[in-house]
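What follows is each chain in one-letter form.
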Amino acid sequence: MFRMNEHQQTLMEFMRQQSDKLLVQTLQHIGLTFISLFIAVLIGLPLGIYISRVRKLSGPVLGIAGILQTIPSIALLGFMIPLLGIGAKPAIVALLLYALLPIVRNTHTGITGVDSNVKEAAIAMGMNKWQVLFKVELPLAMPVILAGIRTATVINVGVATLASYIAAGGLGEFIFGGISLNNTNMILAGAIPAAMLAILFDFLLSLLQKLNFRKVKGAVKIAPVLLLILSCFYFIPSAYGSKLTAGFTPEFMGRQDGNLGLVSKYRLKIHTIVISDAVMYKAAQEKELDVISGYSTDGRLKAYDLVVLNDDKKIFPPYYAAPLVREDALKKFPQLETTLNKLSGLINDSVMTELNYRTDYLHQTPERVAKDFLQAKGLYKAPQQSNGEVVRLGSKIFGEQYILTNMYSMLIKGYTKYGVETKTGLGGTKIVFDAMTNNQIDVYPEYTGTGLLAILQAPRNVINRLQSSKDSTYAYVKAAFAAQYKIKWLKPIGFNNAYALMMRRQQANELHIKTISDLNRFLNTK
Amino acid sequence: MIKVSNLVKTFGQTHAVNNISFVVAKGETLALLGTSGCGKTTTLKMLNRLIEPDSGTIEIDGQNILSQAPELLRRSIGYVLQNNGLFPHYTVAENIAIVPNLLKWNKAKIETRTNELLEKLHLPKEYLNAYPAELSGGQQQRVGLARALVADAPVLLMDEPFGALDNVTRSKIHAEFKLLDELKRKTIILVTHDVQEAFLLADRIALMDKGQIVQIGTAAELLFNPANDFVKDFLKEQHLQLELKTIKLGDIWQYLPADGRRINTSQLAANAGVWEALDTFKFYPRENINIINQQTREVRSVTFDQLMSAYSRFKNHVPHE
């Protein structure tokens, strides 16, 4: 009970502290939902009416709308980027495509469901086809059409949380930022308002649906105006411009060793939009963004010809990768530590970037990349017969981790008699680390910076004391993990996958920007 | 006057209406009678262009109906549907006002006319703001009738108008229908599968089968001069009842005993049917009914036996086939 209260307290504190952002995100969220809903009604209603007239078309049209709805939201947003870039436009189009099916389908169902006797009476009394539509068919179909709009609204409120992936804002910024940062309050600060919006709009529309015919007439007239007003919410948080546009991940936005550090240490002022890691590099290459927050060993750095800006004030702590192992697993599997340490010191930044490039850009399987590398280093051995004991390997959900996990799997199978079970793609840090503390996995590759900041959530004075030094950071997390979690950091693999600001090589050269301070100077010159 | 010539309509392979022609005089009521699928409803719907014929012509008062926009044509033709087809989202008043609104009548005129019709159709005024779902089947059908009559169109088309009603309600509405002055000056075409209804309400009956008119004529002509076995068979089951209803007391006048008026007895006009006279007898000893011939002011008094004997003598003299 006590802990519960403490928890509530901090969530309220967080929301109060971030109330400006929360308001902006909520307004953007409502705006996004209703702009797309409004356009979906403008398209869906006439389309639904049309296919109820031309029955031949109803099958294909409903089929296509149905298929659009089965495309995963993230994928649909991804498809939009080459067509419409990033920001509000592609998000609105994606949301509108989702809202289309329930509106078209219910309009069609509603209109074809009107009693044929009533329709015949309307025609027989001398109504023309528009009068039949507006005075008979639409009013009688209205409860069904409203049910469709209600479904579409709730879908839109949900999918709009994903809009933050492509820099369109909304409550997703908190939700996905919170997931990345292992910050429950931040997740809840986004998720609770989003859920409440869905419940609120669902409730209001259910009231509208229950009105009798006479009142619906009035309500239907007000609806478009209301939709327009709600749509305008999106534009209230006015955009501010600067010479360059930065795209940062939600995680980067909320971190001291991220945007917060850029602002406090460099006094960097740049027009920033929040965007998902998945589309950020592509957006940079396509000149939608000029500066992005990436990882220094990312394969796309090479693929898209980006350069890392030198962190001359040392705000990004080192992220040296090393295998993390449960201490009880080390006891259970005596040969495990030496086997995993065979990789230590073998992979530097440029080697890792190259390996990542092969998986991310050349689309080679992580397994092949891992095997090629081990063979080139003379480390590869054919798998031995397993003795039945199984080491459980985990990884986060990106290519570099897949490659490392594959290498470890091959090493264990080649040099020991242990079997291997891999659980790859365990989402973010929180998910994979929880899996480890709950004894679901024995080993996964982690980064010193993540251990220090995301898992240990080390106090500010400790971070300052470590002064972004590679060795002192490693020593600190190693000691702290052993004491707190009984988990051991093995020897670092060699590369430093730290946060970095990056730009297109050509633009950086043209503007003579090599360091973050150079970038800041450029932005500050009028 | 409605003149239908050589009307043909096919749906795929089916000849729904196969070359039919007939004329309905002004103020006359014609029943299109037949089993389902005989083409009677298709014929009716071609009259207000709900269905367009493949060939043939329809003239109303000498004007080809194709010469007018269908919407305008329909506003001048009343239409009553089997399941009333009332707008569920309109009140009774709004339903009745549909055609007047299309014709752009002013509010006062619509209100006056609506009140007039409600009174004639025995509908309480409180129903004006009710929705159709709140009314009984019989009341709904009356509202449907009011909606068809409100603009006082000279032609009224009725598609099985009483088909969905229970027997008691139907007979009640039949009786009201006969008395309604609004209907007396209208040219009415009534589609029905109910022989009794056709005999009761129509001046002439067109018996249809397989898209064609088998026989068209008055009730008596169909009964006593059937064109073929189909007509005879169609009427066979209810033949006696139809006869008793069709033959009027005036028809058998000459066979009634020339007895004078009795006091304390029921009275009937000579234009009533024999059925009605039988219905009037209360069956007590030495009962008599006075029958009054309106033209001659003559009165004849009959007992049940005397009435039946006159009926059978009349029947023996009716020329058959």
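1. As for the overall build of chain A
A count of helices and strands for chain A gives 25 helices and 10 strands. Considering only C-alpha atoms, chain A reaches an extent of 90 × 65 × 55 Å along its principal axes. For chain A, with 526 residues in total, the buried portion stands at 53%. Within chain A, contacts between residues separated by at least 24 positions form 79% of all contacts whose residues are at least 6 apart in sequence. Taken as two groups, the 55 positive and 35 negative side-chain charges of chain A have centres that lie 4 Å from each other.

2. Brief notes about the sheet that holds strand β11 (residues 266-269) of chain B
Residue and element names in this part refer to chain B. With respect to topology, three strands assemble into an open sheet ordered β11-β12-β13, the strand pairing being mixed. The strands lining the two open edges of the sheet, one partner per strand, are β11 and β13 (299-302). Adjacent strand axes in the sheet meet at a mean angle of 25 degrees when their direction is disregarded.

3. What about the side chain of His 174 of chain B?
All names here are of chain B. Along the polypeptide, His 174 turns up in helix α7 (residues 167-179). The class for His 174 is buried, based on a relative accessible area of 8%. With sequence-adjacent residues up to four places away left out, His 174 is seen in contact with Phe 162, Glu 197, Leu 200 and Leu 201.

4. Focus: a nonpolar patch on the surface
The grouping of Leu 200, Phe 203, Leu 204 and Leu 207 of chain A at the surface amounts to a nonpolar patch, some 370 Å² of accessible area in total. Checked against the element boundaries, Leu 204 of chain A lands in helix α9 (residues 184-210).

5. Section: the sheet that holds strand β10 (residues 212-217) of chain B
Residue and element names in this part refer to chain B. Reading across from one edge, β6-β7-β8-β3-β9-β10 is the order of the six strands in this open sheet, with mixed pairing throughout. Each edge of the open sheet is held by one strand with a lone partner, namely β6 (77-80) and β10. Going across the sheet, the axis of each strand differs from the next one's by a mean of 15 degrees, ignoring polarity.

6. Digging into the packing of aromatic side chains
Residue and element names in this part refer to chain A. All chains considered together, the criterion is met by 20 aromatic pairs over all chains. Their ring planes at 65 degrees and their centres at 5.4 Å tell us that Phe 481 and Tyr 485 sit as a pair that is edge-to-face. Of the two residues, Phe 481 and Tyr 485 both sit in helix α23 (residues 470-485), four residues apart, roughly one turn of that helix. The class of Phe 481 is buried, set by a relative accessible area of 0%. Residue Tyr 485 is classed as partly exposed on the basis of its relative accessible area of 26%. Counting every residue linked through ring pairs, the aromatic cluster contains Phe 248, Phe 252, Tyr 295, Phe 316, Tyr 319 and Tyr 499.

7. What to know about helix α18 (residues 366-376) of chain A
All names here are of chain A. For α18, every residue scored as buried is listed here: Val 369, Ala 370, Phe 373 and Leu 374. The arc enclosing the buried residues of α18, seen along the axis, measures out at 125 degrees, which places them on a common side. Residues of α18 that are exposed and angled more than 90 degrees away from the buried face: Glu 367 and Ala 376. The elements touched by buried residues of α18 are α17 (349-360) and α19 (399-415). Count one or two residues on from α18 and you reach Gly 378, which has phi positive near 70 degrees.

8. A look at unusual backbone geometry
Residues and elements named next belong to chain A. At Lys 486, a position not held by glycine, the phi torsion is positive, near 55 degrees. Relative to the helices and strands, Lys 486 is located in the loop between α23 and β9 (487-489). Located in the positive-phi region is His 512, a residue other than glycine, with phi close to 55 degrees. Examined against the element boundaries, His 512 turns out to sit in the loop between α24 (505-510) and α25 (516-524). Since its relative accessible area comes to 63%, His 512 is described here as exposed.

9. Details of the interface of chain A and chain B
The partner chain B presents 23 residues to the 19 residues of chain A that form the contact. Between chain A and chain B, the buried area comes to about 1,900 Å², and carbon and sulfur atoms account for 62% of it. Scanning the region where chain A abuts chain B turns up one salt bridge. Of the charged contacts in the structure, one is a salt bridge between Glu 120 of chain A and Lys 45 of chain B, with a shortest N-O distance of 2.8 Å. Our enumeration of links across chain A and chain B arrives at four residue pairs in polar contact (both at pLDDT 80 or more).

10. Describing the packing of helix α2 (residues 19-53) of chain A against helix α5 (residues 88-112) of chain A
All names here are of chain A. Two elements in contact, α2 and α5, have axes whose closest approach is 6 Å; the angle formed by their N-to-C orientations is 35 degrees. Every pair of crossing elements has a handedness; the one defined by α2 and α5 is right-handed. The residue makeup of the contact of α2 with α5, split by class, is 20 nonpolar, seven polar and one charged.

11. Quick look at the packing of helix α6 (residues 137-149) of chain B against α7 of chain B
All names here are of chain B. At a minimum axis separation of 10 Å, α6 and α7 run at an interaxial angle of 30 degrees. Here α6 lies roughly parallel to α7, going by the angle between them. For the element pair α6 and α7, the recorded crossing hand is right-handed. Across from Gly 138, Arg 142 and Leu 145 in α6, the residues of α7 making contact are Thr 169, Ile 173, Glu 176 and Phe 177. Split by residue class, the contact of α6 with α7 holds three nonpolar, two polar and two charged.

12. Describing the domain arrangement of chain A
All names here are of chain A. If you check the domain split of chain A, you get domain 1 (2-235), domain 2 (245-316 + 501-524) and domain 3 (321-497). The C-alpha centroid of domain 2 is placed 35 Å from the C-alpha centroid of domain 1. With 14 residues of domain 1 in contact, the opposing surface of domain 2 contributes 13 residues. Taking both sides of the interface into account, the surface hidden between domain 1 and domain 2 amounts to around 1,100 Å²; carbon and sulfur atoms contribute 72%. Where domain 1 touches domain 2, the interface holds zero salt bridges. The interface formed by domain 1 and domain 2 holds zero residue pairs in polar contact (both at pLDDT 80 or more) in total. Contributions of two or more residues to the side of domain 1 that touches domain 2 are made by α4 (73-84) and α8 (172-181). With five residues, α8 is the largest single contributor of residues to the side of domain 1 that touches domain 2. Its residues assigned to classes, the side of domain 1 that touches domain 2 comprises nine nonpolar, four polar and one charged.

13. Some points on the domain arrangement of chain B
All names here are of chain B. Segmenting chain B into domains produces domain 1 (2-244) and domain 2 (248-317). If you average the C-alpha positions of domain 1 and of domain 2, the two centres end up 34 Å apart. Contacts between the two partners involve four residues from domain 1, matched on the other side by six residues from domain 2. Between domain 1 and domain 2, a total of about 510 Å² is buried, with carbon and sulfur atoms accounting for 64% of that surface. It is Gln 241, Glu 243 and Leu 244 in domain 1 that bury the most area against domain 2; as a group they hold 90% of the surface buried on that side. Scanning the region where domain 1 abuts domain 2 turns up zero salt bridges. Where domain 1 meets domain 2, there are three residue pairs in polar contact (both at pLDDT 80 or more). Tallied by class, the residues present in the side of domain 1 that touches domain 2 amount to two nonpolar, one polar and one charged.

The rules behind each value
- Throughout this document, residue positions are counted from 1 along each chain, in the order its sequence is written.
- Here the convention is simple: chains get letters from A, ligands get numbers from 1, in the order in which they are written.
- Totals for whole chains, interfaces and linings use all residues, but because this is a predicted model, local features are given only for residues with pLDDT of at least 70 and pairs of side-chain atoms are given and counted only at 80 or more.
- To obtain the side-chain values, all non-hydrogen atoms of the structure were used and water was disregarded.
- Starting at the N terminus, helices and strands are each numbered in turn, a helix being any DSSP run of H or I of at least four residues and a strand any DSSP run of E of at least two.
- Type-normalised accessible area, obtained with a 1.4 Å probe on protein chains alone, sets the label of each residue: buried when under 20%, exposed when over 50%, and partly exposed for intermediate values.
- The contact definition used throughout considers only heavy atoms, calling two residues in contact when any of these lie within 4.5 Å.
- The positive count covers Lys and Arg only, the negative count covers Asp and Glu only, and His and the chain ends enter neither.
- Taken as the charge centre is NZ of Lys, CZ of Arg, CG of Asp or CD of Glu, depending on the residue.
- Two strands pair under a simple rule: DSSP has to find at least two bridges between them.
- As a rule, the C-alpha atoms of each element are fitted with a line to give its axis, helices using only the stretch in contact, and angles between N-to-C directions run from 0 to 180 degrees.
- Without a salt bridge and with relative accessible area above 30%, a residue can belong to a patch; like charges are then joined within 9 Å and nonpolar side chains (Val, Leu, Ile, Met, Phe, Trp, Tyr) within 5 Å.
- Areas reported as accessible are Shrake-Rupley estimates using a 1.4 Å probe. Residue values count occlusion only from the protein chains shown.
- Should a side-chain nitrogen of Lys or Arg be within 4 Å of a carboxyl oxygen of Asp or Glu, the pair is scored as a salt bridge.
- Aromatic rings from Phe, Tyr and Trp, taking only the six-membered ring of Trp, are treated as a pair when their centres fall within 6.5 Å; an angle between ring planes under 30 degrees marks them as stacked, one over 60 as edge-to-face, and anything in between as tilted.
- Note: the arc covers the axis-to-C-beta directions of the helix.
- As used here, buried area is the combined drop in accessible area, with a 1.4 Å probe, of two parts when they are placed together.
- Nitrogen and oxygen atoms within 3.5 Å of one another constitute a polar contact, given that in protein one can donate a hydrogen and the other can accept it, and given that sequence-neighbouring residues count only through two side-chain atoms.
- Note on convention: the crossing is left-handed when the near helix lies turned anticlockwise from the far helix by less than a right angle, right-handed when the turn is clockwise.
- Here the nonpolar group is Ala, Val, Leu, Ile, Met, Phe, Trp, Tyr, Cys and Pro; Asp, Glu, Lys and Arg are the charged ones; every other residue, Gly included, is treated as polar.
- Roughly parallel refers to an angle under 35 degrees, roughly antiparallel to one over 145, roughly perpendicular to one between 65 and 115, and oblique to any angle outside these ranges.
- An automatic or database domain assignment supplies the residue ranges for each domain.

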